[in-house]
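# Chains, contacts and geometry: an overview
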Amino acid sequence: MMTKEEIFDRLSFSIVKADKEMARETAQEVITQKIDPIEAIEKGLSKGMDIIGERFSKMEAFLPELMMAAQTFDTAMEILEPEIAAQKREVSTRGTIVIGSVKGDVHNIGKNIVATVLKTGGFEVHDLGVDVSSFSFVEAAQKNRADVIALSSLMTTTMPGQKEVMEVLKEMGLREQYYVIVGGGPVNQQWADQIGADGYGETAADAVLLARDLLTEKKK
Ligand code: B12
């Protein structure tokens, strides 16, 4: 039997090699061994993505390889996602969240994980997809009576999209109505402070804690 560490390494390796069969089999092993699927994502699949991203920035890997790695990630997620969803125990909803990748950004793997984990954490989640305009975020928040707007940016070039949402909210006089949380590769707490967002989360698990804390504060 493979140890947990071996499983995580194998998940990472399957992404780097874009080996869907290996990704599928190893994800299945996560389920069989009752390993926390979120831990497997963070310590396995995402590690592999970091390696590919690193190679890409050094021009040792190219766009087709990135795309194949992303497809391999999705293959593993097809197996892990139902398992994450099955962990859901909360019946009543803790609040409503609209989430999306900001304008110009089509990266969705991390955003999808955050959406899944938020749902499991008891939130009603409206996923607006990728390349979402600032106005669409605000419009969807109004339409769904959201409590939180969650913005994902994977590139330094799309981070200004997060700032723009803050500006649109202010211009429309709606800033006080929603909590705004931000995340994604290049985003950090300093950026969140700079644009006046209510919180930053490094991982999907952080997103849940963040949303819970903010809404508990609200109800006080
Ligand atoms: C896979 C990938 C792609 C895939 C995306 C497929 C898909 N369906 O998503 C494809 C091939 C399409 C792609 C395209 C491009 N990419 Co790309 N891509 C990546 C890569 C390798 C991995 C991203 C990923 O999925 N990570 C795994 C997930 C699980 O992690 P995550 O997204 O960070 O999410 C976690 C946290 O950040 C957090 N989180 C995420 N969102 C949110 C939101 C909130 C509210 C919170 C609280 C938390 C949170 O929780 C998640 C789970 O823990 C990264 C490298 C990297 N290290 O990030 C480059 C990277 C992001 N890409 C990059 C680039 C340059 C591009 C392209 C411009 C390439 C090109 N020349 O065309 C295009 C741009 C497309 C566009 N307009 O958006 C650069 C960006 C550089 C920069 N300027 O900042 C990177 C950093 C690679 C590099 N090192 O150069 N890419």
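The present account deals with the structure reproduced in this document. This is a predicted model, so every value here is computed, not measured.

Cut-offs used in this document
- Residues numbered from 1 in each chain as written.
- Predicted model: local features only at pLDDT ≥ 70, side-chain atom pairs only at ≥ 80, totals over all residues.
- Heavy atoms only, no water.
- Donors = N, O, S within 2.8 Å, 3.2 Å for Na, K, Ca; no water.
- Helix = DSSP H or I, 4+ residues; strand = E, 2+ residues; numbered from the N terminus.
- Patch = residues over 30% accessible without salt bridge, like charges linked within 9 Å, V, L, I, M, F, W, Y side chains within 5 Å.
- Areas by Shrake-Rupley, 256 points an atom, 1.4 Å probe, with all protein chains shown as cover.
- Salt bridge = Lys/Arg side-chain N within 4 Å of Asp/Glu carboxyl O.
- Buried < 20%, exposed > 50% of the residue type's maximum accessible area, 1.4 Å probe, protein only.
- Expected span 1.5 Å × (residues − 1).
- Bend = angle between axes of the 7 residues up to and from the residue.
- Contact = heavy atoms within 4.5 Å.
- Arc of directions from axis to C-beta.
- Polar contact = N/O pair within 3.5 Å; in protein donor to acceptor, adjacent residues only side chain to side chain.
- Core = buried A, V, L, I, M, F, W, Y, C linked by side-chain atoms within 4.5 Å.

Coordination of the cobalt atom of the ligand by the protein comes from a single atom, H107 (NE2), at 2.3 Å. In this fold, H107 is placed in the loop between strand 1 (95–101) and helix 5 (109–120).

Below, the discussion takes up a nonpolar patch on the surface. A cluster of nonpolar residues, F56, L63 and M67, forms a patch on the protein surface that exposes about 300 Å² of accessible area. As for its placement among the helices and strands, F56 is situated in helix 3 (residues 37–57). Classification of F56 by relative accessible area gives partly exposed; the value is 35%.

The next subject is helix 4 (residues 63–86). Between its terminal C-alpha atoms helix 4 stretches 34 Å, which fits the 34 Å expected from 24 residues at 1.5 Å a residue. When the local axis directions of helix 4 are compared, the greatest deviation, roughly 40 degrees, occurs at E78, which is followed within four positions by the proline P82. Buried within helix 4 are the following residues: A69, T72, F73, T75, A76, M77, I79, L80 and I84. In this structure, the buried residues of helix 4 make contact with helix 1 (4–16), helix 2 (20–32), helix 3 and helix 5.

Its 13 residues give helix 2 an end-to-end C-alpha distance of 18 Å, which sits within 8% of 18 Å, the value for a rise of 1.5 Å per residue. Every buried residue belonging to helix 2 is among M22, A23, T26, A27 and V30, and all of these are buried. All buried residues of helix 2 lie within an arc of 130 degrees about the axis, which places them on one face of the element. If you follow the buried residues of helix 2, they end up packed against helix 1, helix 3 and helix 4. Where helix 2 begins, one side-chain oxygen reaches toward the backbone nitrogen of E21, 3.2 Å away; that side chain belongs to D19. Trailing helix 2 by a residue or two, K34 shows a phi angle of about 55 degrees, which is positive.

I41, L45, F73, I113, L118 and F123 are the most contacted members of the largest nonpolar core, which has 41 residues in total. One finds V98, F137, L174 and W191 within the second-largest nonpolar core, a separate group that totals 25 residues.

With that settled, consider unusual backbone geometry. We note that K34 has phi near 55 degrees; this positive angle belongs to a residue other than glycine. Mapping K34 onto the fold places it in the loop between helix 2 and helix 3. Non-glycine residue M59 carries a positive phi angle of around 60 degrees. Tracing the backbone shows M59 in the loop between helix 3 and helix 4. Accessibility expressed as a relative area gives 62% for M59, which makes it exposed.

None of this, on its own, says anything about what the molecule does.
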